[in-house]
Amino acid sequence: MAESEVDLEAEKYEKHREAGRILAQVREETAERVEVGASHLEIAEYAEDRIRELGGKPAFPVNISVDEEAAHATPSIDDETTFGEEMINLDIGVHVDGWLADTAITVDLSGNPELAEASEQALEAALDVIEPGVDTGDIGAEIEDVIDGYGYNPVVNLTGHGLGHWEQHTSPNIPNRAVSQGTTLEVGDVVAIEPFATDGGGKVTEGASEEIFALEREGSVRNRQAREALEQITEEFRTLPFATRWLETDRAEMAVRRLKRNNILHGYPVLKEDDGCLVSQKEHTIIVTEDGCEVTTAAE
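All values reported here derive from a predicted model rather than from experimental measurement.

**Student:** For this particular structure, what's the right way to read the UniProt feature "binding site: a divalent metal cation 2" (unreviewed entry) in the chain?
**Tutor:** Mapped onto this numbering, the UniProt entry annotates "binding site: a divalent metal cation 2" (unreviewed entry) at Asp102, His161, Glu194 and Glu283. Across 182 residues in sequence, these annotated residues keep their C-alpha atoms within 10.7 Å of one another, forming a single compact spot. Secondary-structure assignment places His161 in strand 6 (residues 160–162). For His161, a relative accessible area of 1% gives the class buried. With respect to the element layout, Glu283 can be found in the loop between strand 13 (279–281) and strand 14 (284–289). Other than its neighbours up to four places away in sequence, Glu283 contacts Asp91, Asp102, Thr103, Ala104, Leu123, His161, Ala192, Ile193 and Glu194.

**Student:** Just checking my understanding: could you explain the side chain of Thr289 for this structure?
**Tutor:** Tracing the chain through its elements places Thr289 in strand 14. Apart from the residues within four sequence positions on either side, Thr289 is in contact with Leu8, Pro132, Val187 and Glu294.

**Student:** For this particular structure, what's the right way to read the packing of aromatic side chains?
**Tutor:** Aromatic ring pairs are described here by two measures, namely the spacing of the ring centres and the angle between the planes. Under the criterion given, the structure shown has three aromatic pairs. Arranged with centres 6.4 Å apart and planes meeting at 40°, the rings of Phe213 and Phe242 form a pair that is tilted. Here Phe242 lies in strand 11 (residues 242–243) and Phe213 lies in strand 10 (residues 204–215), a separation of 29 residues in the sequence. Taken together, a centroid distance of 5.4 Å and an interplanar angle of 50° make the contact between Phe237 and Trp246 tilted. Residue Phe237 is classed as buried on the basis of its relative accessible area, which comes to 6%. We classify Trp246 as buried; its relative accessible area is 11%. By way of ring pairs, the aromatic residues Phe213, Phe237, Phe242 and Trp246 are connected into one cluster. A cation over an aromatic ring shows up here: Arg52 above the ring of Trp246, its NZ or CZ 5.9 Å from the ring centre.

**Student:** Help me out: how do you make sense of the sheet that holds strand 13 in this one?
**Tutor:** In a beta sheet, neighbouring strands are held together by backbone hydrogen bonds and run either parallel or antiparallel to one another. Spatial ordering of the open sheet is given by 5-9-13, a layout of three strands whose pairing is antiparallel. Strands at the two margins of the open sheet, each flanked by one partner only, are strand 5 (153–154) and strand 13. Bridge analysis of strand 9 (residues 196–198) against strand 13 gives three bridges, and the strand direction is antiparallel. From the neighbouring strand, Ala197 faces strand 13, where its bridge partner is Ser280.

**Student:** Honestly, the UniProt feature "domain: Peptidase M24" (unreviewed entry) in the chain in this entry has me stumped. Any pointers?
**Tutor:** In the numbering adopted here, UniProt assigns the feature "domain: Peptidase M24" (unreviewed entry) to residues 14–202. As annotated, residues 14–202 comprises 34% helix and 26% strand, and the C-alpha atoms at either end are separated by 36 Å.

**Student:** Teacher, can you tell me more about the domain arrangement of the chain here?
**Tutor:** How big an interface is tends to be stated in terms of accessible area lost as the parts join. When its domains are assigned, the chain resolves into domain 1 (11–208 + 272–295) and domain 2 (212–268). Here domain 1 and domain 2 have C-alpha centroids that lie 26 Å from each other. Every contact between the two is made by 21 residues of domain 1 and, on the other side, 15 residues of domain 2. Summed over both sides, the interface of domain 1 with domain 2 buries roughly 1400 Å², with 65% coming from carbon and sulfur. On inspection of domain 1 and its partner domain 2, the count reaches one salt bridge. One salt bridge in this structure joins Arg245 and Glu48, with 2.7 Å as the shortest N-O distance. Our enumeration of links across domain 1 and domain 2 arrives at five residue pairs in polar contact (both at pLDDT 80 or more). Contributing elements (two or more residues each) for the side of domain 1 that touches domain 2: helix 2 (40–53) and strand 1 (57–66). Sort the elements by how many residues they give to the side of domain 1 that touches domain 2 and strand 1 lands first, with six residues. In the side of domain 1 that touches domain 2, the residues fall into eleven nonpolar, six polar and four charged.

Procedures and definitions
- Residues numbered from 1 in each chain as written.
- Predicted model: local features only at pLDDT ≥ 70, side-chain atom pairs only at ≥ 80, totals over all residues.
- Heavy atoms only, no water.
- UniProt positions renumbered as here; feature names shortened; annotations may be inferred.
- Helix = DSSP H or I, 4+ residues; strand = E, 2+ residues; numbered from the N terminus.
- Buried < 20%, exposed > 50% of the residue type's maximum accessible area, 1.4 Å probe, protein only.
- Contact = heavy atoms within 4.5 Å.
- Phe/Tyr/Trp six-rings, centres within 6.5 Å; stacked < 30°, edge-to-face > 60°.
- Lys NZ or Arg CZ within 6 Å of the ring centre and 35° of its normal.
- Pairing = 2+ DSSP bridges.
- Domains from an automatic or database assignment.
- Buried area = accessible area lost by both parts, 1.4 Å probe.
- Salt bridge = Lys/Arg side-chain N within 4 Å of Asp/Glu carboxyl O.
- Polar contact = N/O pair within 3.5 Å; in protein donor to acceptor, adjacent residues only side chain to side chain.
- Nonpolar A, V, L, I, M, F, W, Y, C, P; charged D, E, K, R; others polar.

In structure tokens form, the structure reads like this:
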């Protein structure tokens, strides 16, 4: 699409911006509440309730990833886990009528501030080079260069991503390392840039636990609880990820198991750094503009 054809004041961009404004406020407020002894479940529910209070809806369950966890960790229905002296990544999403914003921040309680700083500075370097015509491989090179400079590794099999309507991950992927064949960004692209830095080897694999799910396909089930859950999922979350604890039916965990067994839902296993080492993360959502980018999730 030619630059002149993109109306950055169109309603969809205003909704992306509104989602970003809500998200920036919730990120800052939630990060301040993370401390040793605080409850994972209370932090997640605080952020998700605050999003709703401010006029948005959660785009996915709040991810609370600890130490070697990189993504997809969220509290279970009756989770009693509390924070210790750990590296905590908060990844939070908001949507307004299906138009999304996505952000993440590391709260370091582990005594490794430089690892948290590496992903933060890598994000700043990436934002500095974004403009129409930039190759995503060049963005990845900036991220990799900064993280390498701190003596750490980027997590190479996690990427930033486009944000669609009711779609949390769309093209283009934004790599966290230099790649030879990337995608060219254009005016109007809405993308999440999310560097991950680690003191390990730089690859994640799937763990055993799974608390986040999304609709795979339409289907029907006989079981009452599964049917009630599917109705809520289809109407409220559509194709966006959700947590079992969001479901209003009784015996929600059993309902999810049935729906997954029937291939109506798919799960998101927790992703962990292969070597069991620490992972930090920093993420903003941006809109590509004619002279650079607009960060929709920047703090006011």
